[in-house]
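Residue-level structure breakdown
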Amino acid sequence: MSGTGDAYRQVLQKADAHGVELIRFLWVDHNGIVRGKAVTRQYLESRMESGIGLAKSRQAAGLMDIGVPVPGFNAVGEVRLVPDPESFIAFPHAPGSGAMLCDLVQLDDAPWDACPRTFLKSALAAAGELQIVASFEPEFTLCAARPKPGALNVLDDSLCFDNTGFDAANDYVVQLLRGLQGQGIEVEVYHPEFGAGQHEMTLRHGPALRAADISVWQKVITRGLASSMGLWATFAPTPAPGFRGNGNHLHLSMWQDRPGLGKENVFADGADALGLSETAYHFIGGVLRHLPGLLALTCPSVNSYERLQPGMWSGAHACYGQDNREAAVRIPSRLRGAAAASTNVELKAVDSTANPYLAMGAVIYAGMDGVTNRIDPGPQLEEDPNGLSDAERDRLGLGLPQSLEESLEALRRDDYLMDVLGPLRRQVYPAIKEADIRAVKEMGDEIAFLTYTTRY
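What counts, and at which threshold
Residues numbered from 1 in each chain as written. Predicted model: local features only at pLDDT ≥ 70, side-chain atom pairs only at ≥ 80, totals over all residues. Heavy atoms only, no water. Helix = DSSP H or I, 4+ residues; strand = E, 2+ residues; numbered from the N terminus. Rg over C-alpha atoms; globule rule 2.2 N^0.38 Å. Buried < 20%, exposed > 50% of the residue type's maximum accessible area, 1.4 Å probe, protein only. Contact = heavy atoms within 4.5 Å. Lys, Arg positive; Asp, Glu negative; His and termini not counted. Charge placed at Lys NZ, Arg CZ, Asp CG, Glu CD. 1 Å grid on protein atoms, 1.4 Å probe; cavity = no way out; pocket = protein on both sides within 12 Å on 5 of 7 lines; lining within 4 Å. Points joined across faces, edges and corners; volume = space filled by probe spheres on them. Nonpolar A, V, L, I, M, F, W, Y, C, P; charged D, E, K, R; others polar. UniProt positions renumbered as here; feature names shortened; annotations may be inferred. Pairing = 2+ DSSP bridges. Patch = residues over 30% accessible without salt bridge, like charges linked within 9 Å, V, L, I, M, F, W, Y side chains within 5 Å. Areas by Shrake-Rupley, 256 points an atom, 1.4 Å probe, with all protein chains shown as cover. Salt bridge = Lys/Arg side-chain N within 4 Å of Asp/Glu carboxyl O. Core = buried A, V, L, I, M, F, W, Y, C linked by side-chain atoms within 4.5 Å. Polar contact = N/O pair within 3.5 Å; in protein donor to acceptor, adjacent residues only side chain to side chain. Axes fitted to C-alpha atoms, helices over the stretch in contact; angles between N-to-C directions. Parallel < 35°, antiparallel > 145°, perpendicular 65-115°, else oblique. Left-handed = near helix turned anticlockwise from the far one by under 90°. Arc of directions from axis to C-beta.

A word on the overall build of the chain. Of regular secondary structure, the chain possesses eleven helices and 16 strands. Taking 2.2 N^0.38 as the reference for a compact globule, 456 residues should give roughly 23 Å; the C-alpha atoms of the chain span a radius of gyration of 21 Å, in line with that estimate. Structurally, the chain occupies a C-alpha span of about 65 × 55 × 50 Å along its principal axes. Expressed as a percentage of its 456 residues, the buried residues of the chain come to 58%. Within the chain, contacts between residues at least 6 apart in sequence are counted, and of these 70% link residues at least 24 apart. In the chain, 40 positive and 56 negative side-chain charges are present, and the distance between their average locations comes to 5 Å.

Put into structure tokens, the structure is as follows:
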């Protein structure tokens, strides 16, 4: 790894400033679980150079932490956890500990095809000169204690945006805000959400890889801080029966350097009724064309489909529209004074059981297919799709998979998505999800909800 010495010194300086003695080398597995190993400060430099060994089979683990039997992911074979020094943070909830996010690299230093972070990098490379700016918008449920079977003790049951909800969670939220900002993570907006105990803290958008990285840190710090304060935070799509679902909406825009003019938002066109360029419409067309298969990557758990239902504002309809919160693709109305800069596309059909690198990478690939092949998304849907008859929704093709089984089948039928996933991932990823489906069927509803609420 070139420049290891300089990178080490920069990390060490940050670590010493926060009293960090143990540095975690973390990655996100195919099920969206953050995993890792740790090195002591004394051996940080050598391990930044060599990486830390990891059995390949760890990338084939399912929800129950049991590996699936897929060629290339058995007892033989190892990769290295190689950290990105730019991703270093010190944990505000775990004094003395810090972490970096890692790429999974083969022993000859070549990228490994089962590395999710590398997958996102490949999608960004496929966009060529177009620079992707992104942000995730996660919702989480804050509980007064760790969930138990059949018991979810939420911190409050205030109304959506209710001032009493701010008060109920104030001590925790302020500590969370300070913890994120202390690591250079910009927080833009916070509010209590619609569901009981539900909250949303939105981070500032930025370069796509950085946006995926900080989405990991947000989740880790949100959960870790809650635990340290005797609370419990869950990002599960549906933490218990009857609860409002937690989404993790993905916002994207594409930018290009214009000589003498600076950066320009390629998605913006002030002459268009929605403020969208031709490129933006084609990007939407690609996302909608591949959306049934994309859901296996953006809403990739059995629990996801408890949330992805009409009437939940979860994006359960295959359409797009300006500020249409039932559409899978929402076009947010632009901000006054920053119309071009604020133009973006939001995919609502995303949740936090997804690996953010896989989800974002797949959406970018799908959108770029639309741009390359000039896919027409058709007209926007200007009305609530729930107000249409079944026949009208069928005519407009608004239906989406209703279960993980259906989205996996759609993924398998999507030759383009299967191709960009690569030869390793297109085998192991569906196998992991099939194992999860079987495991959830065996455990029953009460334990299934508890499992997702505690895992995520």
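Now, onward.
Quick look at empty space enclosed by the protein now. One pass over the structure, following the stated rule, counts four cavities of 30 Å³ or more. A volume near 120 Å³ is recorded for the largest cavity. If you go around the largest cavity, you meet 13 residues; those closest to its centre are Ser 215, Lys 219, Asn 248, Ser 352 and Pro 356. At three residues, helix 5 (residues 208-228) tops the list of elements feeding residues into the lining of the largest cavity. Within the lining of the largest cavity, the residues separate by chemical class into eight nonpolar, four polar and one charged. In this structure, the second largest cavity encloses a volume near 60 Å³. Breaking the lining of the second largest cavity down by element, the ones donating at least two residues are strand 1 (22-28), strand 6 (97-105) and helix 3 (116-126). When residues in the lining of the second largest cavity are grouped by element, the largest group, three residues, is from strand 1.

Now for the UniProt feature "domain: GS catalytic" (unreviewed entry) in the chain. When the UniProt feature table is mapped onto this chain numbering, "domain: GS catalytic" (unreviewed entry) sits at residues 116-456. Taken as a whole, residues 116-456 contains 44% helix and 17% strand, while its terminal C-alpha atoms sit 18 Å from one another.

Okay, the layout of surface pockets next. Picture a little ball the size of a water molecule; that probe, rolled over the atoms, points out where space is still empty. When its volume is computed, the largest pocket comes out at roughly 1000 Å³. Forming the walls of the largest pocket are 42 residues, and the residues nearest its centre are Glu 137, Glu 200, His 251, Arg 330 and Glu 346. Those elements giving two or more residues to the lining of the largest pocket turn out to be strand 7 (131-143), strand 8 (187-192), strand 9 (198-203) and strand 12 (248-258). Residues of the lining of the largest pocket, tallied by class, amount to 15 nonpolar, 15 polar and twelve charged. Size it by volume and the second largest pocket reaches roughly 290 Å³. Forming the boundary of the second largest pocket are Gly 32, Ile 33, Val 34, His 93, Lys 219, Val 220, Arg 223, Gly 224, Ser 227, Trp 232, Ala 233 and Arg 455. Element by element, the count of residues in the lining of the second largest pocket is highest for helix 5, at five residues. The residue inventory of the lining of the second largest pocket, partitioned by class, reads five nonpolar, four polar and three charged.

Alignment of strand 12 against strand 13 (residues 262-265), held across four bridges, turns out to be antiparallel. Bridged to Arg 258 within strand 13 is Gly 262. Following strand 12, the chain reverses through three residues before pairing antiparallel with strand 13; Gly 260 in that reversal takes a positive phi of roughly 80 degrees.

In summary, the side chains of a regular strand alternate between the two faces of the sheet. As judged from the five bridges shared by strand 8 and strand 9, these two strands associate in the antiparallel manner. Counted as the bridge partner of His 191 is Glu 200 from strand 9.

What follows covers a negative patch on the surface. Negative charge collects at one region of the surface, where Glu 45, Glu 49, Asp 108 and Asp 109 lie side by side. By the element assignment, Glu 49 lies in helix 2 (residues 44-50). Residue Glu 49 is classed as partly exposed on the basis of its relative accessible area, which comes to 44%.

Next up on the list: the environment of Leu 176. In this fold, Leu 176 is placed in helix 4 (residues 163-181). As a C-alpha pair, Leu 176 and Gly 224 span 48 residues in sequence and 9.8 Å in three-dimensional space.

This brings us to the nonpolar core. The biggest cluster of nonpolar side chains holds 90 residues, and the ones touching the most others in it are Phe 91, Tyr 172, Leu 291, Val 329 and Met 360. Ranked by the residues each element gives to this core, the list is headed by helix 6 (residues 278-298), at eleven residues. In this structure Phe 91 touches Arg 24, Leu 26, Ser 97, Gly 98, Ala 99, Trp 217, Val 220 and Ile 221, once residues within four positions along its chain are discounted. Ranked by size, the runner-up nonpolar core spans 32 residues in total, among them Ala 15, Leu 44, Ala 60 and Ala 435.

Its place among the elements puts Ser 403 in the loop between helix 9 (390-396) and helix 10 (404-413). In terms of polar contacts, Ser 403 uses its side chain to reach the side chain of Glu 405, at 3.3 Å.

Let us look at the packing of helix 5 against helix 8 (residues 356-372). Look at helix 5 against helix 8: their axes get within 9 Å of each other, and the N-to-C directions meet at 150 degrees. In terms of orientation, helix 5 and helix 8 fall into the roughly antiparallel class. Handedness of the crossing formed by helix 5 with helix 8: right-handed. Where helix 5 approaches helix 8, its residues Ala 208, Leu 209, Ala 211, Ala 212, Asp 213, Ser 215 and Val 216 are matched on the opposing element by Pro 356, Tyr 357 and Met 360.

The set of residues buried in helix 10 consists of Leu 404, Ser 407, Leu 408, Ala 410 and Leu 411. One face of helix 10 carries all of its buried residues, which in axial projection span an arc of 160 degrees. Looking at the packing, one finds that the buried side of helix 10 touches helix 6, helix 7 (304-307) and helix 11 (415-455).

What follows is about the environment of Ala 7. Locating Ala 7 in the fold gives a position in helix 1 (residues 4-17). In this view, Ala 7 contacts Met 48 and Pro 85; residues no more than four positions away in its chain are not counted.

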